[in-house]
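Chain by chain, the residues run as shown.
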Amino acid sequence: GYGRPAWISFGCKDGSHTNHGERLAQDCLPAVAACDTVLAVGINCTAPKYIPDLLSGASDWLQAHAQGQGQAQGQARGQL
């Protein structure tokens with residue numbers, strides 16, 4: 001990477017897909033999470049009626065991702 005902080009924003013065509021067709025939570029967020037310089041993710045140029053579903057999907061993914069990391073850290077320490 002370039003070593004500089006970055007923000008990324010997605011335009012979405014419905015409550016779960018980007019305008020290009022990827023699933024925001026299942027496809028895009030894992031890719032973004034792998035980039036240590038990305039500090040924030042946004043949703044832009046999207047009909048307001050889709051925002052609650054997009055945020056809910058992102059929240060669900062973040063919670064599952066955080067639990068998975070916690071389990072991996074526990075296993076590394078022999079705690080699980």
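Computed from a predicted model, the values in this text were never measured in an experiment.

S.K.: Whenever I open this one, the overall build of the protein confuses me. Can you help?
M.R.: Across its full length, the protein holds two helices and two strands. Going residue by residue from the N terminus, the α and β elements of the protein occur as β-α-β-α. Burial status across the protein gives 19% buried among its 80 residues. Put simply, of all contacts in the protein between residues at least 6 apart along the chain, 63% involve residues at least 24 apart.

S.K.: When you look at the nonpolar core in this model, what are you seeing that I'm missing?
M.R.: The tendency in soluble globular proteins is for nonpolar side chains to be buried as a group. Counting six residues, the largest nonpolar core consists of Phe10, Cys12, Leu24, Cys28, Val32 and Leu54. At three residues, the largest contribution of residues to this core is made by helix α1 (residues 24–33). Leave out the neighbours within four places in its chain, and Leu54 touches Cys12, Asp14, Gly15, Ser16, His17, Leu24, Ile43 and Thr46.

S.K.: Just to check I follow, could you spell out the layout of surface pockets for this structure?
M.R.: To find leftover empty space, a probe the size of one water molecule is rolled over the atoms. Volume-wise, the largest pocket comes out at about 220 Å³. The wall of the largest pocket is formed by Leu24, Leu29, Val32, Ala33, Val41, Gly42, Ile43, Leu55, Ala58, Trp61, Leu62 and His65. Of all the secondary-structure elements, those providing two or more residues to the lining of the largest pocket are α1, β2 (38–43) and α2 (51–76). In terms of residue count, α2 provides more of the lining of the largest pocket than any other element does, five residues in total. Along the lines of polarity and charge, the residues of the lining of the largest pocket split into ten nonpolar, two polar and no charged.

S.K.: Please clarify how the side chain of Thr46 should be interpreted in this entry.
M.R.: With respect to the element layout, Thr46 can be found in the loop between β2 and α2. Residue class for Thr46 comes out buried when judged on its relative accessible area of 14%. Here Cys12 takes part through its backbone nitrogen, which lies 2.8 Å from a polar atom of the side chain of Thr46. A polar contact of 2.9 Å, which involves the side chain of Thr46, links it to the backbone oxygen of Asn44. In contact with Thr46, other than residues within four places in its own chain, are Phe10, Gly11, Cys12, Ile51 and Leu54.

S.K.: I'm lost on the pairing of strand β1 (residues 6–10) in this one. Help?
M.R.: The two faces of the sheet receive side chains in turn, since in a regular strand these alternate between them. With five bridges connecting them, β1 and β2 associate as parallel partners. Looking at β2, one finds that Phe10 is bridged to Ile43. As a crossover connection, the stretch from β1 through α1 into β2 is right-handed.

Rules of the game
- Residues numbered from 1 in each chain as written.
- Predicted model: local features only at pLDDT ≥ 70, side-chain atom pairs only at ≥ 80, totals over all residues.
- Heavy atoms only, no water.
- Helix = DSSP H or I, 4+ residues; strand = E, 2+ residues; numbered from the N terminus.
- Buried < 20%, exposed > 50% of the residue type's maximum accessible area, 1.4 Å probe, protein only.
- Contact = heavy atoms within 4.5 Å.
- Core = buried A, V, L, I, M, F, W, Y, C linked by side-chain atoms within 4.5 Å.
- 1 Å grid on protein atoms, 1.4 Å probe; cavity = no way out; pocket = protein on both sides within 12 Å on 5 of 7 lines; lining within 4 Å.
- Points joined across faces, edges and corners; volume = space filled by probe spheres on them.
- Nonpolar A, V, L, I, M, F, W, Y, C, P; charged D, E, K, R; others polar.
- Polar contact = N/O pair within 3.5 Å; in protein donor to acceptor, adjacent residues only side chain to side chain.
- Pairing = 2+ DSSP bridges.
- Right-handed = clockwise from strand over helix to strand, strands pointing away.

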